[in-house]
Amino acid sequence: MDLDATTPARLRSLVQELLADCEELSTADAVQITDELASNALRHAAAPRTCTIILSDGPRLRIEVADASPIDPRFRSPDATGGLGLVLVAQMSSAWGVIHHGDRKIVWAELTAEQRGNGPPSLCTELHSTPRIN
């Protein structure tokens, strides 16, 4: 999904629709994580910016936000302008991290029914499944 051509409200709605029949995962956490990753890309990175969401067996939800910046997201001290986004992502997700592709990156986070909030980024294996929002 092109983040520059959709509204944050529509993106949140799509996540809610995708998880409507999935009781094992927290829809609220998934919406918050998606919103944080998308907002960070829109605020701090260059276009094009896209979001891909994959729901696979387990269940496992993977949220990927790609942008045209090679700069890693970073934790910072919260203040009036923000700073809680990555803290929330780390606390709510079972894993998260960054994949670099030249001068682009993908910031990803996963939610599983078994585990939440492992903190710092971790390595991952690619998931190949459906349904997928792209």
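Residues numbered from 1 in each chain as written. Predicted model: local features only at pLDDT ≥ 70, side-chain atom pairs only at ≥ 80, totals over all residues. Heavy atoms only, no water.

- As recorded in an unreviewed UniProt entry, the protein goes by the name Histidine kinase, listed as coming from Nocardia wallacei.

Examining the overall build of the protein
Next, step 1: Helix and strand content of the protein: three helices and five strands.
Next, step 2: Of the regular secondary structure in the protein, the N- to C-terminal order runs α-α-β-β-α-β-β-β.
Next, step 3: Buried residues in the protein amount to 44% of all 134 residues.
Next, step 4: Relative to all contacts within the protein whose residues are 6 or more apart in sequence, the contacts with residues 24 or more apart total 64%. (Helix = DSSP H or I, 4+ residues; strand = E, 2+ residues; numbered from the N terminus. Buried < 20%, exposed > 50% of the residue type's maximum accessible area, 1.4 Å probe, protein only. Contact = heavy atoms within 4.5 Å.)

Structural notes on the pattern of salt bridges
Next, step 1: Here the structure, examined in full by the defined rule, presents seven salt bridges.
Next, step 2: A salt bridge links Asp35 to Arg12, with the nearest nitrogen and oxygen atoms 3.0 Å apart. Here Arg12 lies in helix 1 (residues 8-18) and Asp35 lies in helix 2 (residues 27-44), a separation of 23 residues in the sequence.
Next, step 3: With its nearest N and O atoms 2.6 Å apart, the salt bridge here joins Glu64 to Arg62. We note that Glu64, like Arg62, is buried. (Salt bridge = Lys/Arg side-chain N within 4 Å of Asp/Glu carboxyl O.)

What about the packing of helix 1 against helix 2?
Next, step 1: Direction vectors running N to C along helix 1 and helix 2 enclose 145 degrees, while the axes themselves pass 9 Å from each other. Handedness of the helix 1/helix 2 crossing: right-handed. Contacts from Pro8, Leu11, Arg12, Val15 and Gln16 in helix 1 reach Thr27, Ala30, Val31, Thr34, Asp35 and Ala38 in helix 2.
Next, step 2: The residue inventory of the contact of helix 1 with helix 2, partitioned by class, reads six nonpolar, three polar and two charged. (Axes fitted to C-alpha atoms, helices over the stretch in contact; angles between N-to-C directions. Left-handed = near helix turned anticlockwise from the far one by under 90°. Nonpolar A, V, L, I, M, F, W, Y, C, P; charged D, E, K, R; others polar.)

With respect to the pairing of strand 3 (residues 95-101)
Next, step 1: As defined by bridge partners, strand 3 adjoins strand 4 (residues 104-112) across seven bridges and the pair is classed as antiparallel. Its bridge partner being in strand 4, Ala95 is matched across the sheet by Glu110.
Next, step 2: Turn length for the strand 3-strand 4 hairpin, with the two strands adjacent in sequence and antiparallel, is two residues, and the turn residue Gly102 shows positive phi of about 60 degrees. (Pairing = 2+ DSSP bridges.)

Section: the nonpolar core
The tendency in soluble globular proteins is for nonpolar side chains to be buried as a group.
Next, step 1: Counting residues in hydrophobic clusters, the biggest one holds 29 residues, and the most contacted among them are Leu19, Ile33, Leu37, Ile53, Leu61 and Ile63.
Next, step 2: If you tally residues by element for this core, the top one is helix 2, at six residues.
Next, step 3: Apart from the residues lying within four places of it in its own chain, the contact partners of Ile63 are Ala30, Ile33, Thr34, Leu37, Cys51, Thr52, Ile53, Val107, Trp108, Ala109 and Leu111.
Next, step 4: Listed in part, the five residues of the second largest apolar core include Ala66, Ile99, Ile106 and Trp108. (Core = buried A, V, L, I, M, F, W, Y, C linked by side-chain atoms within 4.5 Å.)

Brief notes about the environment of Leu61
Next, step 1: Residue placement: Leu61 occurs in strand 2 (residues 60-67).
Next, step 2: As for Leu61 and Glu110, which are separated by 49 residues in sequence, their C-alpha atoms are 5.4 Å apart.
Next, step 3: Aside from chain neighbours lying at most four places away, what touches Leu61 is Leu18, Leu19, Leu25, Ala30, Ile53, Ile54, Leu55, Ala109, Glu110 and Leu111.

Some details on the confidence of the model for the protein
Next, step 1: Averaged over every residue, the pLDDT of the protein is 84; the share at 70 or more is 84%.
Next, step 2: Across residues 116-132, confidence stays below pLDDT 50; counting only partners more than four residues off in sequence or on other chains, it has 47 contacts. (pLDDT = per-residue confidence, 0-100.)

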